[in-house]
Amino acid sequence: MNKILIFAALFSFLIFGCKKKEKSSEAGLSGVYELEKQVLDGGGKDSVIKRTQIKIYTDHNYLYASIVPDSSVGFGVGTYTLDSANRLKEHSIYTSRALDSSLTYNLEVTKKPDGYSQVIPDFATVKGVKYALKEDYKKFPPADSSALDGLWKMERTYTVKGKDTIPTDVTQYKIFWGGHFIFVHRFVQNKEKNIFKNGFGTGVFTFSNDTLREEEQISNYKLLQGNKFTVKVTMNGHDEYTQVINSATNGQSVEIYKRVK
């Protein structure tokens with residue numbers, strides 16, 4: 001029973017707060033990656049964690065999103081530095097567990113021809129037992145760059161139905177890089193504002209002539225997964241854009257994003 005409780009505690013930490021990522025333009029780690037294997041090492045035993053996870057590194061930002069078999073969603077957003085010895089330091093901006101609390105994580109990275117491996121040596125200590133987290137990632141082939149490449153935070157969103165303008169209470173980040181995108185968000189589900197839901201979506205995109213075309217490949221929302229969307233985008237300079245989605249049933253959805261530097 002003790003072993004089960006320990007693993008449950010660690011697993012919960014993984015879902016809601018696992019902070020991992022690596023990247024640097026200088027070291028050649030910028031790109032789009034998919035988790036191949038995740039292993040928790042501690043107490044003389046390795047435990048393989050089942051998790052679907054995608055992460056993107058720009059030249060100085062990162063964003064990852066994951067989902068486990070019980071449909072729990074975890075994500076993290078932040079900045080990073082990587083030195084010549086492949087020691088990675090990540091500084092979180094927002095995570096599914098710690099929200100906007102600032103956290104710093106130290107990782108060790110080993111680059112490979114088709115991806116990389118990373119280790120968090122001091123991932124957690126439970127009942128005196130130290131655990132390390134080991135991960136292997138494969139890299140997706142790069143695609144053309146676009147004006148949207150980078151990390152963005154949604155500053156404001158609202159829905160227009162007839163004469164009514166309805167604001168939405170949500171925290172959302174979105175990242176574009178190498179022809180791929182990920183969005184993550186956390187929003188209120190009740191009037192008391194004490195129940196929240198985490199969500200994400202990831203896939204491929206193209207952007208040209210003020211038109212964003214996305215194909216959702218992985219998401220915790222079944223209505224999104226596998227679907228294609230065409231969105232009108234207006235660039236308000238280099239560091240802000242507005243997108244508008246029209247729906248016959250839900251009215252017009254307007255989202256305004258600002259670049260995270």
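Reading the values: the criteria
Residues numbered from 1 in each chain as written. Predicted model: local features only at pLDDT ≥ 70, side-chain atom pairs only at ≥ 80, totals over all residues. Heavy atoms only, no water. Core = buried A, V, L, I, M, F, W, Y, C linked by side-chain atoms within 4.5 Å. Buried < 20%, exposed > 50% of the residue type's maximum accessible area, 1.4 Å probe, protein only. Helix = DSSP H or I, 4+ residues; strand = E, 2+ residues; numbered from the N terminus. Contact = heavy atoms within 4.5 Å. Phe/Tyr/Trp six-rings, centres within 6.5 Å; stacked < 30°, edge-to-face > 60°. Lys NZ or Arg CZ within 6 Å of the ring centre and 35° of its normal. Pairing = 2+ DSSP bridges.

Colleague: Looking at this model, I keep getting lost on the nonpolar core. Mind explaining?
Modeller: A general tendency of soluble globular proteins is for nonpolar side chains to be buried together. Grouped together as the largest cluster of nonpolar side chains are 21 residues, with contacts concentrated most on L29, Y33, Y57, L88, V109, Y116 and F123. Every element with two or more residues in this core is listed here: strand 1 (31-42), strand 4 (61-67), strand 5 (73-82), strand 7 (104-112), strand 8 (115-126) and strand 9 (129-139). Counting residues in hydrophobic clusters, the runner-up holds 17 residues, among them V73, F75, V77 and Y94.

Colleague: Can you help me understand the environment of N198 in this one?
Modeller: Secondary-structure assignment places N198 in strand 14 (residues 196-208). A residue is classified by how much of its surface remains accessible, and N198, at 14% relative accessible area, is buried. Once the C-alpha coordinates of N198 and F75 are considered, the two residues, 123 residues apart in sequence, prove to be 8.7 Å apart. Residues in contact with N198, not counting those within four places in the same chain, are V73, F75, S96, H185, R186, N220 and Y221.

Colleague: In this structure, what is going on with the packing of aromatic side chains? I would like to understand it.
Modeller: Remark: the centre distance and the inter-plane angle together describe each pair of aromatic rings, the angle taken between the planes. Scanning all chains against the criterion turns up ten aromatic pairs. Ring centres of F75 and Y94 lie 6.2 Å apart, and the angle between their planes is 15 degrees; this geometry places the pair in the stacked category. In this pair, F75 sits in strand 5 while Y94 sits in strand 6 (residues 87-95), placing the two residues 19 residues apart along the sequence. Residue classification places Y94 among the buried positions, given a relative accessible area of 9%. Seen in terms of ring centroids, Y94 and Y173 are 5.8 Å apart; in terms of plane orientation they differ by 35 degrees. Their pairing is tilted. Within this pair, whereas Y94 is found in strand 6, its partner Y173 is found in strand 12 (residues 170-177), the two being separated by 79 residues in sequence. The same class applies to Y94 and to Y173, which are both buried. Sitting above the plane of the Y137 ring, K55 keeps its charged end 3.3 Å from the centroid.

Colleague: What's the story with the pairing of strand 2 (residues 45-48) in this structure? I'm lost.
Modeller: Side-chain positions along a regular strand alternate between the two faces of the sheet. For strand 1 and strand 2, the ladder comprises four bridges, and the chain directions are antiparallel. In the sheet register, D41 faces strand 2, and the bridge partner there is D46. Hairpin connection from strand 1 to strand 2: two residues lie between these consecutive antiparallel strands, with G43 at a positive phi of about 65 degrees.

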